[in-house]
Structure formats: C-alpha cells, structure tokens
Amino acid sequence: MVANGPSFRLLPRLSDDVAFFWTSGEDGVLRFLQCNACQFFNHPPGPVCRRCLSRDLAPHAVSGRGRVETFSVNYQEWIPGSEPYILAWVSIDEQPDVRLTTNLVDVEPEDVAIGMEVEVVFEHADDVYLPLFKPTSDGGHT
Amino acid sequence: MSPRPQEEPLERRAIISGIGQSDIGRRLGRSEIDLTVEASLAAINDAGLTRDDIDGISTYPGMGVGTPGFSGPTTPEVQDVLGLRLNWHDGGGEGAGQMRAVIAASLAVAAGLARHVLVYRTVSEGTAQGEGGRQGIGGGGGGGKVPRFGGFMQWSLPFGAVSAAIWIAMVGQRRMHEFGLTREQLGQIAINGRRNAALNPKAIYSAPMAMEDYLAARMISSPLCLYDCDAPCDGSTAVIVSHRDAAADLDHPAVHINAVGTALRGRPSWDQFDDMTSMSARDAGASMWERTELKPSDVDTAQLYDGFSVLTMVWLEALGFCGRGESGSFVEGGGAIARDGLLPLNTAGGQLSGGRLHGFGFIHEACVQLRGEGGSRQVVRPGGRGPEVAAVANGGGPIAGTMLLTRGIR
Ligand SMILES: [Zn+2]
C-alpha cells in the first residue's frame, strides 16, 4: 500500500494566470487554457498561444482522461514523514503532448504500467484542487 | 536546423591553458571561498600565469540559487579576494548546462573581451547536507508559514516531485519501456565509475562495487537506487580559458576547444519535452557535431555527466557513440566503456564515485587525460598513443551543454 502523495503538499500560488487551473477541480472538471483561434491546448498557461501566437485564449474543459507516459515510485523521504508514493507524467487524451506531473492513486506500484489509461480525481488542499489520476473505472475505452 | 558556420567556429580560438582543483571531500569544514581560491590559484599557476594576467572571470551558477551548498561564491567575491582587475565578468545559471561558464569564456576570449579567464565551479553540498539525507527543493514543509510556489516549480512540487532524482527516474522508466533498459545496464555506469575512482586519489568512494552490491542498494525513486545518484561533496574546480595564441607559452600540451554544443530545440521543460528518453542532450549533442569535422569515432575518451547514471546513457546516444536506444547494450558487460575499451568513460570516477563537482569534474578530467597526466588511470589508445580528442557533457533534462576538446589544434 502506498500513499497518495508526500506527507506534506507544497502548494502553488494562485496567481491570475494559473488560478483557473488549480481551482478547476472544484466542480470535478479538469481544464486547460485553449486557443480559440487554433484549438491548441497551452500548458503551462501563457499570455499567447505557443502554436499560433493568438491572444484569444480561454480555459476549456477536457475529459479528464489520460495515459501514463512514465512513472516512478518514490521511496526517499525528501519530505520528512512521507511514505512511498507514485509519481507519473500523464498525457491528456485531447492532446497527448500536454502532460501533467501528478500522483497515481488507487493503484499499487506493481500494477502501474506505461500506457495505462487513467482518469482525473482531485485532492482538495486549502484553496487548491490538485489533479491526481487513478486507473479508469470502466477499464479503458479502447 | 542550425546555421552551419561558414567560418571557423569562434570557440576554436580558445584553449584551456590551466586546470586546478581544491581538496575534495564529503565534509571538509572549509568555506566555499577558501576552496575556490585554492582551485583558482592552482589553475592560474598551472597555466604559467600570475593573478595579474587574469582579466576575465566566469562561473556557474553564481548568486546563491538552488539548494544549500549548490551555488558557490559569486564572481564579485572571487574577484575581490584575489584582487583581480577584470575586462570581462560573467556568472549565471541559465544556459548550456554547467559548462555555459566555460563556453561564455571561450567566446569572450574569441571576441577580444578578455585574454585569460578564470572559470570556476564550487560546491559545498556535502557540508550543507550534514548528517541528514539529501534535500529536496522547496524545503520539508510542516511547521510555520510555508511559502507558495510559482513558476515551473508549481507544476511538480505539489506532487512530491521535489528532486531531480524523481524527474530523471521518469526518464529511466521511460527508457525501460521504450528500449528495454535494465537495472544491470544502469549498474554498469556506477560500477565503471567506481572502478575508475579507485585510481583517483581525490575520489569520494573507492571501495570496489560488484553488480550484486549495486542491485542490493536501497531504492531512491524507481528505477534509480542509491548508487544511481551522485555523491554530494565539498570541492572547487577551476580552469583558465585563454586565447590560443598563448598555447606556445605553456609547459604542457594546450587543450583546444574544438566545438561546443548549446542547442535547446525542444520545450525547455522536464515534463513537456517531446522525447522523454533524451531531452535537451539530444539537441546539444547534435548542435556540437554541426560545428566540427570531427566524428564520434574520433573521440578517445568521453566524460559524460552522471548526476544520475541514466543521464550518462542519454549522453552516449545524444553524442552518437551508439544509436538511439542502444546505450544499454553498448555498456553491457562494461568492456566498451572501460579505460582500455572502445570509449573510455568517466575515467576519474564521475560524480557517482568521484564526487558531485557538478559538471566541472568532467572538464578537469578531460584535460588531465588529453595532457597525459592521468597517472595510473591514464587512457592509452590502441597503438600506444595518448588520447587526442575528448568529449565532455554536462546536464540532464532540459539543461545540457557539451564540448569537444583536443590535444593540440585539429
Ligand atoms: Zn493558437
């Protein structure tokens, strides 16, 4: 049994450009900044679309489904009191070159594999909703 | 594509005329400025110069960035304590890996901004770590008012991705998936380093390491175990970068800078870089070979960054010593990377066993080998000749720089 993350979560500052992302989970939905001109998802968020340089950008809901691109089971107590936890880079289904560094939950290390399908689950910490991922409940949608 | 230089690359006007290194140890109980002065004066003396000849200075990263013990003294501190009168000065943590300081110095010399540049890198991470474990970024949290994070750190710290060990473990796991990399292959980097460290009097760890020792080490962040992570230490390394006109005045062979690699063509990010198995080493390596007629097969020794063992595997491929994904089989058995092998690798023990001098130890060792001063660990190539071409690489993830050094001009 591993933990959902470190014993203590360092948290992001909710500055204007990223507050939408870190609070998006309040309604259980993951959102990324999307370009209205070319539909490209820009992450991390910026003032212009990094594909077409349009400034017409707005947060847009995504399915919350993704794929484990790689992972690591961390044992070192970088943060004192932490039990082992699983880190992953998860790509989102809508645009797989967008990845999130995240924790995998509801899964044991021996059951994690690159390519496995996962879905978002939010952990509420103070005023932040951290997007974590768990194996898809329907066993995948291929 | 980068513009192919129509003229001789400017860095080729520079040489490394002198090298120096302080004592190196886990916890020396000496200040960073004291270690820096020791290394700097040794390098100046080695170049046959006095401090009055030094008219430039450069370091990585300068100005107190990073975790405790990481950054070393600033250039103003070193300038002042050595009483230097400078025409050019530079320090910074952004650029082509740790060796950005050497690359900047070579260009300053080529541009005529300085003639002899003192370049140094000092760490006291051994002392800073103390008796406790290695620290993560962002502190331990817990009591008191904890700061919030912005910038790129906000995307990793909340999830406990608080160390480069974790980010690079991700690269290692992906390589296992794509290329079939094994722990035994990773272990060859650690074992090779340990074998060479036994012949380096300044190395941190020199006790023999067998594969079963490696495999039995505790896991840090899978698939990286303790012996895949470098050894924090105290120490300073300095080199003097001079105009090549000074080569004739040296009492030892001049080490010429043949080409540097500085490119970063993918996204400057750990988790967004397009190729999770290589990252910016791919770009830096490619850009270096675009600036020289030399080929990977001309290289007599490679000093490739091993802050984590898997980074050396990345560099072996990025510099073209084997194909993409083939570094695992290249190091299999350890023969190809041994001192008498196809590509003698990390001949002073690297950072895994030699100590985490953070990039500059590799530059120093490349010069030692090219000058034929390696003593019992000196590389001798087939036919009995000394090494003439050395490749040096620093960095991992979105941070990478590389240089090709030669004995004499090529
Ligand atoms: Zn766009």
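That block above? That's the structure.
Residues numbered from 1 in each chain as written. Chains lettered and ligands numbered in written order. Predicted model: local features only at pLDDT ≥ 70, side-chain atom pairs only at ≥ 80, totals over all residues. Heavy atoms only, no water.

## With respect to the packing of helix α5 (residues 164-179) of chain B against helix α9 (residues 309-318) of chain B
Residue and element names in this part refer to chain B.
Item 1. As a packed pair, α5 and α9 sit with axes 9 Å apart at the nearest point and diverge in direction by 55°. As far as their axial angle goes, α9 and α5 are oblique. Like other packed secondary-structure pairs, α5 and α9 cross with a definite hand, here left-handed. Each of Ile-168, Val-171, Gly-172, Arg-175 and Phe-179 in α5 lies in contact with α9, whose residues at this interface are Val-310, Leu-311, Met-313, Val-314 and Glu-317. (Axes fitted to C-alpha atoms, helices over the stretch in contact; angles between N-to-C directions. Helix = DSSP H or I, 4+ residues; strand = E, 2+ residues; numbered from the N terminus. Parallel < 35°, antiparallel > 145°, perpendicular 65-115°, else oblique. Left-handed = near helix turned anticlockwise from the far one by under 90°. Contact = heavy atoms within 4.5 Å.)

## Description of the interface of chain B and chain A
Item 1. Contacts between chain B and chain A engage 45 residues on the former and 43 residues on the latter.
Item 2. Together, the buried faces of chain B and chain A total about 3,800 Å²; carbon and sulfur atoms form 59% of this surface.
Item 3. Connecting chain B to chain A are three salt bridges.
Item 4. The salt bridge involving B:Arg174 is made with A:Glu69; its shortest N-O contact spans 3.1 Å.
Item 5. When contributions to the side of chain B that touches chain A are tallied by element, the ones reaching two or more residues are α5 and β5 (219-221) of chain B.
Item 6. Looking at the side of chain B that touches chain A element by element, the count peaks at eight residues for α5(B).
Item 7. Tallied by class, the residues present in the side of chain B that touches chain A amount to 21 nonpolar, 17 polar and seven charged. (Buried area = accessible area lost by both parts, 1.4 Å probe. Salt bridge = Lys/Arg side-chain N within 4 Å of Asp/Glu carboxyl O. Nonpolar A, V, L, I, M, F, W, Y, C, P; charged D, E, K, R; others polar.)

## Here we look at the packing of aromatic side chains
Item 1. This model, assessed by the stated rule, comprises ten aromatic pairs over all chains.
Item 2. Ring plane angle 55° and centroid distance 6.1 Å describe the contact between B:Tyr305 and B:Phe362, whose orientation is recorded as tilted. Of this pair, B:Tyr305 sits in the loop between β9 (301-304) and α9 while B:Phe362 sits in helix α12 (residues 360-370); the two residues are 57 residues apart in sequence, bridging distant segments of the chain. The pair B:Tyr305 / B:Phe362 is uniform in exposure class, with both members buried.
Item 3. Members of the aromatic cluster, joined through ring pairs, are A:Phe20, A:Phe21, A:Trp22, A:Phe32, A:Phe41, B:Trp155 and B:Phe159.
Item 4. Across from the ring centre of B:Phe70, 4.9 Å away, lies the NZ or CZ of B:Arg121, which sits over that ring. (Phe/Tyr/Trp six-rings, centres within 6.5 Å; stacked < 30°, edge-to-face > 60°. Buried < 20%, exposed > 50% of the residue type's maximum accessible area, 1.4 Å probe, protein only. Lys NZ or Arg CZ within 6 Å of the ring centre and 35° of its normal.)

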